[in-house]
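Observations on the three-dimensional arrangement
What follows is the residue order along each chain.
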Amino acid sequence: MRDLSRRYGPLMLIRVCERVAVVVSSAEAAREIFKGHDVTFEQRPSSPGIDELYRHGEGIIFAPYGDQWRQLRRIVMTELLSARRVEAFRRIREDEAARLVSSLASAPPGQVVNVGERLDEFIADAGVRAIFSDRLPDRTVFLKMVRQIDDIEALFDLHDLFPSSRLLRMIPWGRKAERHRQELLRLMDDILRSHEERRAAGGGGDEEQDMIDVLLRIQKEDDMRVSLTQGVIRAVLTDLFGAAVDTSSTTLQWAMAELMANPRVLEKAQSETRHFLAGHARVQEVELNKLSYMKAVIKETLRMHPPGSLAPRVCLGDCKIQGYDVPQGTIILTNVYAISRDPKYWENPDMFMPERFQVDKAFDYKGLDFEYTPFGTSRRICPGINFATANIEIALASLLYHFDWKLPLGVNPENLDMTEVFGITAKRKAELLLHPIPHIPHVDE
Ligand code: HEM
């Protein structure tokens, strides 16, 4: 779509069967949409597949713009993902980062390791422990189920392309999706039941509350502004976990891949980490604020590889964008990937240069500069920025501090495969196989 927009311009209409979308590929057009139209673009498009998934209660990602979404968003921002709550999960992150280091260090010398898989595990475990705590029956099955939501084929079928077709509506919705939904509901109910039992037995002080405990507490407080049914709680938890896992893990994998493809940057990031963490047996979060170059590496990774690169919205009323009439119901896809690689805004856009975030204008993640919006923008901007960056930073610092890295035999920085796969999250196509060479021993304290 980036290539098409170069031919057809920053606003491009695409039509797939009955669905019509406008693809936005310039910062100016994105600014006009999100700054100039109040709430007109604060809803996400729906589809029969998505409606089916949330039949028992809306979560937050696809909830229509309105009071229920506003109240859930308030709970997510002030209770589940607030700076205080994210800080309360610090111990979990430090433990999981130490486990990641131990598992890499125990790889037989000279053997390549699937680093992508280890990073997937780190992110999933840090997420599981914060959201559900350790009491997760069927953990492996649950992770697999949530991952499948990211699979386009699991959620979309012909109904989505012909939503008005009565004939298609008569055909029962995809068996695969239905089975998936039932299984996920069963697993979530088991998780909620075990939390209820623990609450009833009087367990779980404030400091050891996971996100489910917080939601169950709010449910009991009977806040009339929000209806926290069992279905809504299930949907919110599935949304949070689904939104957290692949995005963060993909970012870490691209960061490592870009470092391997750019040895100069790897060396600079590594010497910064080793300088500031010198003498520590394991990476501790309080030290991470000193690592400004590593933070720039993460920003540059999110510029070149924004995991949620189309952030879909739908237009709630007829309006004009850049002089074009856009009717109500049109899907709006902001091509964040195209904008953050556009030479109009970025010098040498296809080069991995974290320095640009140190010398140039200090871009942040708040979504106010439309040249750089990896976490989205406006009222529906990602609420998980603090949680995501905390996990990504501690994992990347641990990899840089404790290991030297080598590419497998026959692969060099110039021919490292950087192809992306098609999907809801822009993941790497090739596995990330590397040699970790322990450098600074990790000591369990
Ligand atoms: C590198 C990691 C992440 C990236 C790049 C990312 C990116 C995004 C993007 C682009 C959106 C759409 C925003 C828009 O429409 O303008 C989004 C929404 C969302 N994200 Fe994230 N995200 C990440 C991690 C997380 C984490 C860790 C969580 C939760 C623990 C999370 C929870 C959500 C939720 C709930 C929404 C929907 C918000 C709403 O519709 O109100 N994300 N994210």
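Residues numbered from 1 in each chain as written. Predicted model: local features only at pLDDT ≥ 70, side-chain atom pairs only at ≥ 80, totals over all residues. Heavy atoms only, no water.

1. Describing the packing of aromatic side chains
How two aromatic rings sit relative to each other is set out by the distance from centre to centre and by the angle between their planes. Taken as a whole and judged by the stated rule, the model has 14 aromatic pairs. Where F403 meets W405, the ring centres are 5.5 Å apart and the plane angle is 55 degrees; that geometry is what we call tilted. Accessibility classification places F403 together with W405 in one group, the buried group. Among the aromatic side chains, those forming a connected cluster through ring pairs are W346, F357, F363, Y365, Y372 and F375. When the ring centre of W346 is taken as origin, the NZ or CZ atom of R303, which lies over that ring, is 5.3 Å away. Sitting over the ring of W254, R428 keeps its end group 5.2 Å from the ring centre. (Phe/Tyr/Trp six-rings, centres within 6.5 Å; stacked < 30°, edge-to-face > 60°. Buried < 20%, exposed > 50% of the residue type's maximum accessible area, 1.4 Å probe, protein only. Lys NZ or Arg CZ within 6 Å of the ring centre and 35° of its normal.)

2. Details of the sheet that holds strand β8 (residues 403-406)
With respect to topology, three strands assemble into an open sheet ordered β3-β9-β8, the strand pairing being antiparallel. Where the open sheet ends on each side, the last strands, each with one partner, are β3 (113-114) and β8. Relative to strand β9 (residues 433-438), β8 runs antiparallel, the two sharing four bridges. Looking at the pairing, W405 lines up with P436 of β9. Of the strands in this sheet, β3, β8 and β9 touch helix α6 (residues 90-105), which is tilted by about 55 degrees from β8. The strands touched by helix α19 (residues 385-402) within the sheet are β8 and β9, with β8 carrying the most contacts at an inclination of about 85 degrees. (Pairing = 2+ DSSP bridges. Helix = DSSP H or I, 4+ residues; strand = E, 2+ residues; numbered from the N terminus. Contact = heavy atoms within 4.5 Å. Axes fitted to C-alpha atoms, helices over the stretch in contact; angles between N-to-C directions.)

3. Observations concerning the coordination of the iron atom of the ligand
Counting protein donors around the iron atom of the ligand gives one, C382 (SG), at 2.4 Å. Within the fold, C382 resides in the loop between α18 (356-359) and α19. (Donors = N, O, S within 2.8 Å, 3.2 Å for Na, K, Ca; no water.)

4. Some remarks on the nonpolar core
Formed by 115 residues in total, the largest nonpolar core has its most connected members in L80, F132, F142, L237, F241, L396 and W405. Of the residues forming this core, the biggest block, 14 residues, is contributed by helix α14 (residues 230-261). In this structure, M12, V23, I331 and L333 belong to the second largest nonpolar core, which totals five residues. (Core = buried A, V, L, I, M, F, W, Y, C linked by side-chain atoms within 4.5 Å.)

5. Some remarks on the packing of helix α7 (residues 115-131) against α14
Relative to each other, α7 and α14 sit at 150 degrees, their axes nearing to 9 Å. Between α7 and α14, the angle falls in the class roughly antiparallel. Judged by the twist between their axes, the crossing of α7 over α14 is right-handed. Together, G116, L119, D120, F122, I123, A124, G127, V128 and I131 of α7 and L237, L240, F241, A244, V245, S248, S249, L252 and Q253 of α14 make up the contact between the two elements. Considered class by class, the residues forming the contact of α7 with α14 number twelve nonpolar, five polar and one charged. (Parallel < 35°, antiparallel > 145°, perpendicular 65-115°, else oblique. Left-handed = near helix turned anticlockwise from the far one by under 90°. Nonpolar A, V, L, I, M, F, W, Y, C, P; charged D, E, K, R; others polar.)

6. Points about helix α2 (residues 27-36)
Every buried residue of α2 is listed here: A27, A29, A30, I33 and F34. On an axial view of α2, the arc spanned by its buried residues comes to 160 degrees, and they lie on one face. Seen from the buried face of α2, the exposed residues on the opposite side, beyond 90 degrees, are K35 and G36. D38 occupies a position one or two residues after α2 and carries a positive phi of about 45 degrees. (Arc of directions from axis to C-beta.)

7. Observations concerning the pairing of β9
Across two bridges, β3 lies against β9 in antiparallel orientation. Across the sheet, V113 pairs through a bridge with L434, a residue of β9.

8. Quick word on the UniProt feature "binding site: heme" (unreviewed entry) in the protein
Mapped onto the present numbering, the UniProt feature "binding site: heme" (unreviewed entry) falls at C382. If we ignore the near neighbours within four places in the chain, the residues touching C382 are R73 and F375. (UniProt positions renumbered as here; feature names shortened; annotations may be inferred.)

9. Brief notes about the site of the ligand
Residues in close proximity to the ligand total 27 residues, the closest being R44, R73, R313, R380 and C382. With respect to the ligand, the side chain of R44 contributes an N or O atom lying 2.8 Å from an oxygen atom. At 3.0 Å from an oxygen atom of the ligand is found a main-chain nitrogen or oxygen belonging to T377. Mapped onto the shell around the ligand, the elements with two or more residues apiece are α4 (67-80), α14 and α19. Looking at side-chain class alone, the shell around the ligand contains 16 nonpolar, seven polar and four charged residues. (Near = heavy atom within 4 Å. Polar contact = N/O pair within 3.5 Å; in protein donor to acceptor, adjacent residues only side chain to side chain.)

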